[in-house]
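# What the coordinates show
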Amino acid sequence: MADIRFAAMLASLRALLVPFAVALILAGIVLIVIGENPLAIFGLLAEESFGSARRIASTLSSATPLLFTAVATAICFRAGVFNVGVEGAFLVGGLAAVFVAFALPAGLGITLIPLALVAAMAAGAIWLWFPGWLLARFEVDEVVSTLMLNFIAAAITGYLVNGPLLSASAGNNMTPAIHDAAHLPRLMPPSTLHAGFLIGIAVMVLYGLWCRYTPAGVEGGLVGLNRRFARAMGISVSGTMITVMCLSGAIAGLGGASHGLGQLFRFSDAFSPGYGFTGMAVALLGRNHPVGMIVGAVLFGALASAGTTIQLFSSVPLDLVDIIQGLVMIFAVMELALPRLRRRRHA
Amino acid sequence: MTHKNDHAGVVLGADRLSKAYGPVQANRDISLALGAGEIHAIVGENGAGKSTLMRMLQGMERPDSGSVILDGAPVSLSGPAEAMARGIGMVHQEFMLAPDLTLLQNLILGSEPMTAGPLRRIDWAAAEADGKRLAAKIGVEVDWHVPAGSAPVHIQQFTEIIRLLRRGARILILDEPTAVLAPPQVEELFALLRLLRADGASMLFISHKIPEVTALADRVTVIRRGEVVFAAAIADTSGEEIAGHIVGTEAPPPPVPLAARAGRTGPVLALDRLCTGKHQHVRALRDISLTLHAGEIVGLAGVAGNGQSELAEVLAGLRTAETGRIALNGADLTLADTAARRAAGLGYISADRRYEGLCLPATIALNTMAGSQRRPPVARGPFLRPAALLQGARARLDHLKVRYGRLGDPVSSLSGGNQQKLVFAREIATDPAVLVVSQPTRGVDLNGIATIHRLLGDYRAAGGAVLLMSEELDEIMALSDRILVMADGAIVGELPRGASMQEIGRMMVMGADHG
């Protein structure tokens, strides 16, 4: 089985790097058109993302939430469940963790951290259990239900941070800060890289092991490859769907907790700039493979962390980063479609 | 075989056509000449390259070399539309009819007769007159106003043929047209085709049933592994000779004698008045009752689409019965899910090997061990042990002598016969009391068929009970201890081993008429 798995990793890396390269070439053309030297700008991008220990730390810090949202997406996509609700679970989990970490007495000390993490995972799991159950029981299209739940999550958390959970000291739309004891430790001060990154890598590894070393993980893969076969083999397809949705919610919630306890220390309206969706891009690019997804998360993290600097040091607008991200996505999806086309021609 | 530069008198032909898909040479130097008013049979095993040849003759595929001959001259066709415009029509195995439209609507679909005048409408009167005239010409009667989906299968087929004639086809390509018909309907079809031939139409008749070829065709061409290995006038050859060329040097499979039963006896599977509802294209099952004993193979004969596959799915737990009862060794399994049925001793060989029997992109090991992933030794506590998975797979495959490269290869790398052996290896590994077997040899070559028949015989001899469903009546007759005949979702009769094909065929059709 090792052969297929190694090949899968290579395919995952190739699927990731080819779209990136093509996107950079096209972005280079855009730069030439607006009168910039693309090599200089890309050099600056690389320099700002990986040029020193501090900059690498900053890149990894930006990559941290993506590790969680990518795994949360991949665990569902792998089972053929097109869950686009990771963003919502990330918000719900983030708020749950922050709430525990500021509302419980500070005297709990370091035990606040596990309590907050568990609360976030539970909140995320319950959040995505619902569309999972709707899918398994009533065949409610999961793309629609999870997409809609994202809006509901944004609305509920938005209401809470502007109402019942509004900080007394802040003007608007944020909760009180969490207790100091609940802060996740910094790994490389003064950079913002925090222990959440290690948790994210651990989640990635556990996901890889789950896929291979548990019956449920193997069943998830079979359900994704061929539902009829899975059903004929006595695998509960609806049970698998609900399982992967709950796991996805728990992981996304954990990501929200990591972001809240390690990066922002409170919950605000602008808690996530779309980590759930960028994580989906990372999962697609990495073809649900842990190695591919780690590389993808770091590359997207690099774009995010270097993008602001680019704007500072050149006349190139920050939008360039969005353009590159968008192009990467388009070519990633194209790359996915190619083998399918080839097969059709043979049939 | 005249294929120098002389294509005179050839209505449709091939001149040294070759076509490769990647490394696979699907057709090599195939030459063929269909004369006017001639029925020319193309025979060969599954995968011999017949479909590729037909696709090239219709312009759906471009040959790598060689050319298609139409009316004595090489042509380059752009596709089925141009082929149709030039008089070549194809009757597909799967009918190209819209099931919800009436036969008349299907007949004119794509070339509707219009009324004259400023308000052009479809001229239904002209359409119906057209249909009636053509039906009368080939000597059949068609009720044009029933939806195609609820018309009998052979009427659907006649409609396809009439539609092609209406659009000017003078050359028909018939792709295994008898596969879906009961024996008396086959006779009706042949009478119709002979009438067409007398009228000057030319036909390519694709089949792998030798008696049909010798009964109907004027000439025969045998294709094996992409090459023409034999071509002759029917008058100059014999069924045995054709069969010999189809199989080539490989020996034909010996018939399977049923061994004496040993081990278990007594009833194992009892079905009591099973019924299911009718959905769109799903046949309803009506009051299916049967008892299956240990050490017997019960064949379920019937024209395709009369409820056999639905029954198999109900037994496997993939479709729910509305009323009735299923009992296995006395335990009620009516409401049990697939996992519980498998655990209780029910194995299932799906008719759809590629999409239900196997997971093609997954590894050989995983396909062999699927269903056992939660049982020791593969599972230990909450974990799965890949080493135990590989070991189990190797043992199962070796037991049936399945030939494979590496356990980590995708199962799609195996040949059809070895894929099916893998499915058997998986299904009998847990020593089930009953095997529900559907189309076990579909897409399997002759040697593979012999092996699979032997496996079924061995399983029966060891006390296993088999419910066998097959579109190959020969297969059912060769293997079954008794034969149940299904028509229109019900069991319409039972015949002992040794019943003749005519008896079975009569029952298949009689049942259909009742329904």
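Residues numbered from 1 in each chain as written. Chains lettered and ligands numbered in written order. Predicted model: local features only at pLDDT ≥ 70, side-chain atom pairs only at ≥ 80, totals over all residues.

### Here's the deal with the overall build of chain B
- Secondary structure summary: chain B contains 17 helices and 22 strands in total.
- Taken over the C-alpha trace, chain B has a radius of gyration of 25 Å; the compact-globule value for 515 residues is 24 Å, and the two agree within 12%.
- Based on the C-alpha atoms only, the size of chain B along its principal axes is roughly 75 × 50 × 45 Å.
- Contacts in chain B between residues far apart in sequence, at least 24 positions, make up 69% of those at least 6 positions apart. (Helix = DSSP H or I, 4+ residues; strand = E, 2+ residues; numbered from the N terminus. Rg over C-alpha atoms; globule rule 2.2 N^0.38 Å. Contact = placed C-beta atoms within 7 Å.)

### Some words on the sheet that holds strand β6 (residues 88-91) of chain B
Residue and element names in this part refer to chain B.
- Reading across from one edge, β6-β7-β8-β3-β9-β10 is the order of the six strands in this open sheet, with mixed pairing throughout. Of all strands in the sheet, those bounded by a partner on one side alone are β6 and β10 (227-233). With strand direction ignored, the average angle separating the axes of adjacent strands in the sheet is 15°.
- Inspection of the sheet shows strand β3 (residues 39-43) paired to strand β8 (residues 202-207) by five bridges, in the parallel sense. The residue of β8 that forms the bridge with Ile-39 is Met-203.
- Across the sheet, helix α1 (residues 50-57) touches β3, β7 (171-175), β8 and β9 (219-224), and the angle it forms with β7 is around 155°.
- In the packing of helix α5 (residues 153-166) onto the sheet, the strands contacted are β6 and β7, and the crossing angle to β6 comes to about 170°. (Pairing = 2+ DSSP bridges. Axes fitted to C-alpha atoms, helices over the stretch in contact; angles between N-to-C directions.)

### Some words on the interface of chain A and chain B
- With 20 residues of chain A at the contact, the number on the chain B side is 30 residues.
- It is helix α8 (residues 215-225) of chain A that contributes the most residues to the side of chain A that touches chain B, five residues altogether.
- Classifying every residue of the side of chain A that touches chain B gives 11 nonpolar, four polar and five charged. (Nonpolar A, V, L, I, M, F, W, Y, C, P; charged D, E, K, R; others polar.)

### What to know about the confidence of the model for chain B
- Here chain B averages 86 in pLDDT, while 92% of its residues score no lower than 70.
- Within the model, the stretch residues 250-255 of chain B combines pLDDT values under 50 with 11 contacts to residues more than four positions away or in other chains. (pLDDT = per-residue confidence, 0-100.)

### Side note on the packing of helix α2 (residues 38-50) of chain A against helix α3 (residues 53-77) of chain A
Residue and element names in this part refer to chain A.
- As a packed pair, α2 and α3 sit with axes 5 Å apart at the nearest point and diverge in direction by 90°. In this view, α2 runs roughly perpendicular relative to α3, as classed from their interaxial angle. Across from Glu-48, Ser-49 and Phe-50 in α2, the residues of α3 making contact are Arg-55, Ile-56 and Thr-59.
- Tallied by class, the residues present in the contact of α2 with α3 amount to two nonpolar, two polar and two charged. (Parallel < 35°, antiparallel > 145°, perpendicular 65-115°, else oblique.)

### A few points about the sheet that holds strand β15 (residues 331-332) of chain B
Residues and elements named next belong to chain B.
- Here four strands make up an open sheet; going across it, the order is β12-β11-β14-β15 and the pairing antiparallel. Single-partner strands in this sheet number two, and they are β12 (288-293) and β15.
- Summarising the sheet, strand β11 (residues 267-275) and β12 pair through five bridges and their orientation is antiparallel. Across the sheet, Pro-267 pairs through a bridge with His-293, a residue of β12.

### Overview of the domain arrangement of chain B
All names here are of chain B.
- Entries for chain B in the domain assignment read domain 1 (1-87 + 172-182 + 203-248), domain 2 (96-169) and domain 3 (267-354 + 416-421 + 430-514).
- On the side of domain 2, eight residues touch domain 1, which itself brings six residues to the contact.
- Residues of the side of domain 1 that touches domain 2, tallied by class, amount to five nonpolar, one polar and no charged. (Domains from an automatic or database assignment.)

### Points about the environment of Ile-504 of chain B
Residue and element names in this part refer to chain B.
- Topologically, Ile-504 is positioned in helix α17 (residues 501-514).
- Overall, the presence of 22 C-beta atoms within 10 Å leaves Ile-504 in the buried class.
- Residues Ile-504 and Gly-66, spaced 438 residues apart in sequence, show a C-alpha to C-alpha distance of 46 Å.
- Discounting residues that sit within four places of it in the chain, Ile-504 has contacts with Ala-301, Leu-473, Ile-483, Val-485, Leu-495 and Ala-499. (Buried ≥ 20, exposed ≤ 12 C-beta atoms within 10 Å, placed from the backbone.)

### Considerations on the pairing of β7 of chain B
All names here are of chain B.
- Burial analysis of β7 places four of its five residues in the buried class, which makes it a mostly covered element.
- When β6 meets β7, the two strands line up parallel, connected through four bridges. Its bridge partner lying in β7, Met-90 is registered against Ile-173.
- When β7 meets β8, the two strands line up parallel, connected through five bridges.

### With respect to unusual backbone geometry
- The residue after Pro-189 of chain A, namely Pro-190 of chain A, is reached through a cis peptide bond having omega 10°.
- Along the chain, the position of Pro-190 of chain A falls in the loop between α6 (142-162) and α7 (196-213).
- A cis amide bond links Pro-376 of chain B to the next residue, Pro-377 of chain B, at an omega of 5°.
- In this structure, Asn-329 of chain B takes a positive phi of about 50° despite not being glycine.
- Topologically, Asn-329 of chain B is positioned in the loop between β14 (323-328) and β15.
- Overall, Asn-329 of chain B belongs to the partly exposed group, with 17 C-beta atoms counted inside 10 Å.

### Re the packing of α3 of chain A against α7 of chain A
Residue and element names in this part refer to chain A.
- As a packed pair, α3 and α7 sit with axes 9 Å apart at the nearest point and diverge in direction by 25°. Comparing the axis directions of α3 and α7 gives the class roughly parallel. Seen from above, α3 lies across α7 with left-handed handedness. Mapping the contact onto sequence places Leu-60, Ser-61, Thr-64, Leu-67, Phe-68, Val-71 and Ile-75 in α3 and Gly-196, Phe-197, Gly-200, Ile-201, Val-203, Met-204 and Tyr-207 in α7.
- When grouped by side-chain class, the residues that make up the contact of α3 with α7 number 10 nonpolar, four polar and no charged. (Left-handed = near helix turned anticlockwise from the far one by under 90°.)

### Observations concerning helix α11 (residues 275-285) of chain A
Residue and element names in this part refer to chain A.
- With 10 of its 11 residues buried, α11 lies for the most part within the structure.
- Listing the buried residues of α11 in full gives Tyr-275, Gly-276, Thr-278, Gly-279, Met-280, Ala-281, Val-282, Ala-283, Leu-284 and Leu-285.
- Residue Arg-287 follows α11 closely and has a positive phi angle near 50°.

### Some words on the nonpolar core
- In terms of nonpolar packing, the biggest core is built from 255 residues, with Val-71, Ala-97 and Ala-116 of chain A touching the most fellow members.
- Among all residues touching Val-71 of chain A, those that are not within four sequence positions of it are Val-203, Met-204, Tyr-207, Ile-251 and Met-293 of chain A. (Core = buried A, V, L, I, M, F, W, Y, C linked by C-beta atoms within 7 Å.)

### What about helix α5 (residues 112-138) of chain A?
Residues and elements named next belong to chain A.
- For α5, with 27 residues, the first-to-last C-alpha span of 39 Å sits near the 39 Å given by 1.5 Å per residue.
- A bend of about 25° at Trp-129 is the largest found in α5, and the proline Pro-131 appears one to four places after it.
- Positive backbone phi, at 55°, marks Glu-139, one or two positions downstream of α5. (Expected span 1.5 Å × (residues − 1). Bend = angle between axes of the 7 residues up to and from the residue.)

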